[in-house]
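The primary structure of each chain is shown beneath.
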Amino acid sequence: MSIFEYNGSAVVAMVGKNCFAIASDRRLGVNLQTIATDFQRIFKIHDKLYIGLSGLATDVQTLYQRLVFRHKLYQLREERDMKPQTFASLVSAVLYEKRFGPYFCMPVIAGLGEDDVPFICTMDCIGAKELAKDFVVSGTASESLYGACESMYKPNMEPEELFETISQALLSSVDRDCLSGWGGHVLLVTPTEVQERTLKSRMD
């Protein structure tokens, strides 16, 4: 079993009309044994920028703390929040400098840039970026997430429809992956507000 599958994870980000949603499952396991059912994988960088980290749970928490530290230094120096594109480059650089002993994480970055244009991207554990205009997925459930998102996604969705779409995609995908699940955690970000919701799913 790959080290990336050790704790199990499912993270997905999806773009709507001047908004985006990012969602993850809530299971923390050790191989097939479930340890916790409220594990956090989506983290706030600032009001319009979020990162989801799939992969090894210890590295998820370490990497998040390093990224918060780097973002705070940027805020002190520049006196402004980081743009999503800039933050993606920062994450990529942080991962690449540890390429010979990498963080076993695959980040999903989602944010609202200038003029509230949504930006999403994902990368591998050494920082190779993959940009997308519609959705990005990561984690042990990524194969079934790709299928569900491909069939459910449509462009320029309003926030409520986007929430419904990403929730159904996540829930139907984690049912097909035994290493992720136990509910979901969805953040819906628009230019004016952030809605945080918890999903209930099959508890097995």
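What counts and how
- For every chain, the first residue of the written sequence is number 1, and numbering continues from 1 onward in sequence order.
- Local features in a predicted model are, by the rule used here, given only for residues with pLDDT of at least 70; side-chain atom pairs are given and counted only at 80 or more, and totals for whole chains, interfaces and linings are based on all residues.
- No hydrogens and no water enter the side-chain calculation; it runs on all heavy atoms of the structure.
- Whether two strands pair comes down to DSSP finding at least two bridges between them.
- Each helix corresponds to a stretch of at least 4 residues labelled H or I by DSSP, and each strand to a stretch of at least 2 residues labelled E; elements are numbered beginning at the N terminus.
- Working convention: axes come from line fits to C-alpha atoms, limited for helices to the stretch in contact. Angles between N-to-C directions cover 0 to 180 degrees.
- Pairs of residues are marked as contacts when any of their non-hydrogen atoms sit within 4.5 Å.
- Think of it in three bands: residues with accessible area under 20% of the maximum for their type are buried, residues over 50% are exposed, and the middle band is partly exposed, with areas taken using a 1.4 Å probe on protein chains only.
- Among buried residues, those of type Ala, Val, Leu, Ile, Met, Phe, Trp, Tyr and Cys that are joined through side-chain atoms within 4.5 Å constitute a nonpolar core.
- A patch is a set of surface residues, each over 30% in relative accessible area and not in a salt bridge, joined within 9 Å for like charges and within 5 Å for the nonpolar side chains Val, Leu, Ile, Met, Phe, Trp and Tyr.
- Note on areas: these come from Shrake-Rupley sampling with a 1.4 Å probe, and a residue is covered only by the protein chains present in the view.
- We define a salt bridge as a side-chain nitrogen of Lys or Arg found within 4 Å of a carboxyl oxygen belonging to Asp or Glu.
- Small angles under 35 degrees read as roughly parallel and large ones over 145 as roughly antiparallel, with 65 to 115 read as roughly perpendicular and the rest as oblique.
- Crossing handedness is read from the near helix: turned anticlockwise from the far helix by less than a right angle, it gives a left-handed crossing, and turned clockwise, a right-handed one.
- Side-chain classes follow a simple rule in which Ala, Val, Leu, Ile, Met, Phe, Trp, Tyr, Cys and Pro form the nonpolar group, Asp, Glu, Lys and Arg form the charged group, and the remainder, Gly included, forms the polar group.
- The directions from the helix axis to the C-beta atoms are what the arc is built from.

A. A look at the sheet that holds strand 10 (residues 135-139). Strand order across the open sheet formed by 5 strands is 10-1-2-11-12, with antiparallel pairing between neighbours. Two strands lie at the open edges of the sheet, namely strand 10 and strand 12 (194-199), each paired on one side alone. Put simply, the sheet's adjacent strands are angled 10° from each other on average, direction ignored. Sheet topology note: the strand 11 (residues 184-189)/strand 12 ladder contains 6 bridges and is antiparallel. Within the sheet, the bridge partner assigned to His185 lies in strand 12 and is Thr198. In the packing of helix 3 (residues 142-152) onto the sheet, contacts are made with strand 1 (10-15) and strand 10, and the angle to strand 10 comes to roughly 160°.

B. A look at the sheet that holds strand 8 (residues 118-123). Judged by pairing direction, the sheet is antiparallel, and its 5 strands sit side by side in the order 5-6-7-8-9 without closing on themselves. Because the sheet does not close on itself, it has two edges, and the strands there are strand 5 (42-46) and strand 9 (129-132). Taking the axes of each pair of neighbouring strands and ignoring which way they run, one obtains an average angle of 20° across the sheet. Both strand 6 (residues 49-55) and strand 7 (residues 105-112) contribute to a ladder of 7 bridges, which runs antiparallel.

C. The arrangement of the environment of Glu143 in detail. Structurally, the position occupied by Glu143 is in helix 3. For Glu143, a relative accessible area of 70% corresponds to the exposed category. Considering only alpha carbons, one finds Glu143 and Asp177, 34 residues apart in sequence, at a separation of 9.3 Å.

D. Local environment of the nonpolar core. Formed by 38 residues in total, the largest nonpolar core has its most connected members in Val12, Met14, Ile22 and Leu170. Only strand 1, strand 2 (20-25), strand 7, strand 10, helix 3, helix 4 (159-174) and strand 11 provide two or more residues apiece to this core. Counting residues per element, this core draws most heavily on helix 4, at 7 residues. Look past the residues within four positions of Met14 in its chain and what remains in contact with it is Phe20, Ala21, Asp134, Phe135, Cys149, Tyr153, Met157, Leu162, Thr165 and Ile166. Listed in part, the 22 residues of the second largest apolar core include Leu49, Leu67, Val91 and Cys105.

E. Molecular detail of a nonpolar patch on the surface. Nonpolar side chains collect at one region of the surface, where Phe69, Leu73 and Leu76 lie side by side and expose about 330 Å² of accessible area between them. Secondary-structure assignment places Leu76 in helix 1 (residues 57-78). You can call Leu76 exposed: its relative accessible area is 67%.

F. Inspection of the environment of Cys19 at higher detail. Assignment of secondary structure puts Cys19 in the loop between strand 1 and strand 2. Distance in space between the C-alpha atoms of Cys19 and Glu161 is 11 Å, their sequence separation being 142 residues.

G. Layout of the packing of helix 1 against helix 2 (residues 84-96). Taken N-terminus to C-terminus, the directions of helix 1 and helix 2 make an angle of 125°; their axes are 11 Å apart at the nearest point. Relative to helix 2, helix 1 is oriented oblique. As for how helix 1 packs across helix 2, the hand of that crossing is right-handed. Along its contact with helix 1, which presents Leu63, Arg66, Leu67 and Arg70, the element helix 2 presents Phe87, Leu90, Val91, Val94 and Leu95. Here the contact of helix 1 with helix 2 is built from residues that sort into 7 nonpolar, no polar and 2 charged.

H. Spatial organisation of helix 3. Of all the positions in helix 3, only Ser142, Ser144, Leu145, Ala148 and Cys149 are classed as buried. End-on, the buried residues of helix 3 take up no more than an arc of 155°, which puts them together on one face. Residues of helix 3 that are exposed and point over 90 degrees away from its buried face: Glu143, Glu150 and Ser151. Where helix 3 is buried, its residues contact strand 1, strand 10 and helix 4.

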